[in-house]
Amino acid sequence: MNVGTAHSEVNPNTQVMNSRGIWLSYVLGIGLLHVILLSIPFVSVPVVWTLTNLIHNMCMYLLLHTVKGTPFETPDQGKARLLTHWEQMDYGVQFTASRKFLTITPIILYFLTSFYTKYDRVHFIINTVSLLTVLIPSSRSCTACASLASISTEAQRP
């Protein structure tokens, strides 16, 4: 029984990135993180850009590709508890506007970070690895593999 719910979606995770103003809030959140890191004394600008990139990508990986289930009680017979937020988004349809936005944002942040770190070798390697850890799980083939792995893991539980 869903007491107190006012949405018409079976699973609100499927449409959260299509909500009004969420993309602007997402970009402003990244900008706020960057400004907060810039306010730390004795930290150089290249280090701040790398930290902004690393924190963003780490949070994105954890929230979109690691955490499974939904914070809401859904009437879907437990189907959502097997899926990550990335797999639930837009009902699993690939190449939607939300998925493109969440794929392009780390790439743009990577380009900005590379430019402001003046393509320093250490920063470049760290940021490239960070970018790949976000983009590879978002790819179509990895999403299908993750779904199969989670289903087989659930099947093995007693």
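Residues numbered from 1 in each chain as written. Predicted model: local features only at pLDDT ≥ 70, side-chain atom pairs only at ≥ 80, totals over all residues. Heavy atoms only, no water.

In the annotation of an unreviewed UniProt entry, the entry for the protein reads ORM1-like protein 3, and the organism field reads Alosa alosa. Per UniProt, the comment on the protein under Subcellular location (unreviewed entry) is "Membrane". You can read under Subunit (unreviewed entry) in the UniProt record for the protein the words "Ceramide-sensitive subunit of the serine palmitoyltransferase (SPT) complex, which is also composed of SPTLC1, SPTLC2/3 and SPTSSA/B." (UniProt positions renumbered as here; feature names shortened; annotations may be inferred.)

**Student:** Quick question: what am I supposed to make of unusual backbone geometry here?
**Tutor:** Phi is mostly negative for residues that are not glycine, and the peptide bonds are mostly trans. Even without being glycine, K118 reaches a positive phi, approximately 60°. For K118, the position within the fold is in the loop between helix 4 (97-116) and helix 5 (121-138). Given a relative accessible area of 69%, K118 falls into the exposed group. In the Ramachandran plot, Y119 falls in the positive-phi region, its phi being about 55° despite a non-glycine side chain. (Helix = DSSP H or I, 4+ residues; strand = E, 2+ residues; numbered from the N terminus. Buried < 20%, exposed > 50% of the residue type's maximum accessible area, 1.4 Å probe, protein only.)

**Student:** Help me understand helix 1 (residues 22-38), please; the structure alone is not making it clear to me.
**Tutor:** Structurally, the α-helix is built with 3.6 residues per turn, so residues lying three or four positions apart point the same way. The end-to-end C-alpha distance of helix 1, which contains 17 residues, comes to 24 Å, matching closely the 24 Å that a straight helix rising 1.5 Å per residue would cover. Summarising the contacts, the buried residues of helix 1 are in contact with helix 2 (45-66) and helix 4. (Expected span 1.5 Å × (residues − 1). Contact = heavy atoms within 4.5 Å.)

**Student:** I'm lost on the layout of surface pockets in this one. Help?
**Tutor:** With a probe scaled to a water molecule rolled over the atoms, the places where space remains empty come into view. Taken as a whole, the largest pocket holds about 350 Å³ of empty space. Y26, C59, M60, L63 and L64 are the residues nearest the centre of the largest pocket, which is lined by 14 residues in total. Every element with two or more residues in the lining of the largest pocket is listed here: helix 1 and helix 2. Tallied by class, residues from the lining of the largest pocket come to 11 nonpolar, 3 polar and no charged. Volume-wise, the second largest pocket comes out at about 190 Å³. (1 Å grid on protein atoms, 1.4 Å probe; cavity = no way out; pocket = protein on both sides within 12 Å on 5 of 7 lines; lining within 4 Å. Points joined across faces, edges and corners; volume = space filled by probe spheres on them. Nonpolar A, V, L, I, M, F, W, Y, C, P; charged D, E, K, R; others polar.)

**Student:** Where do I start with the packing of aromatic side chains in this structure?
**Tutor:** Any pair of aromatic rings gets described here by the distance separating the centres and the angle formed by the planes. Scanning all chains against the criterion turns up 6 aromatic pairs. Relative to F111, the ring of Y110 lies with its centre 6.0 Å away and its plane at 50°, an arrangement referred to as tilted. Taking the relative accessible area as the measure of exposure, Y110 reaches 9% and is therefore buried. Between F115 and Y116 the ring centres are 5.1 Å apart and the planes differ by 80°, which places this aromatic pair in the edge-to-face class. Three or more aromatic residues joined by ring pairs make a cluster, and in this case those are W23, Y26 and F101. The residue whose ring lies beneath R99 is W86, and the NZ or CZ to ring-centre distance is 5.0 Å. (Phe/Tyr/Trp six-rings, centres within 6.5 Å; stacked < 30°, edge-to-face > 60°. Lys NZ or Arg CZ within 6 Å of the ring centre and 35° of its normal.)

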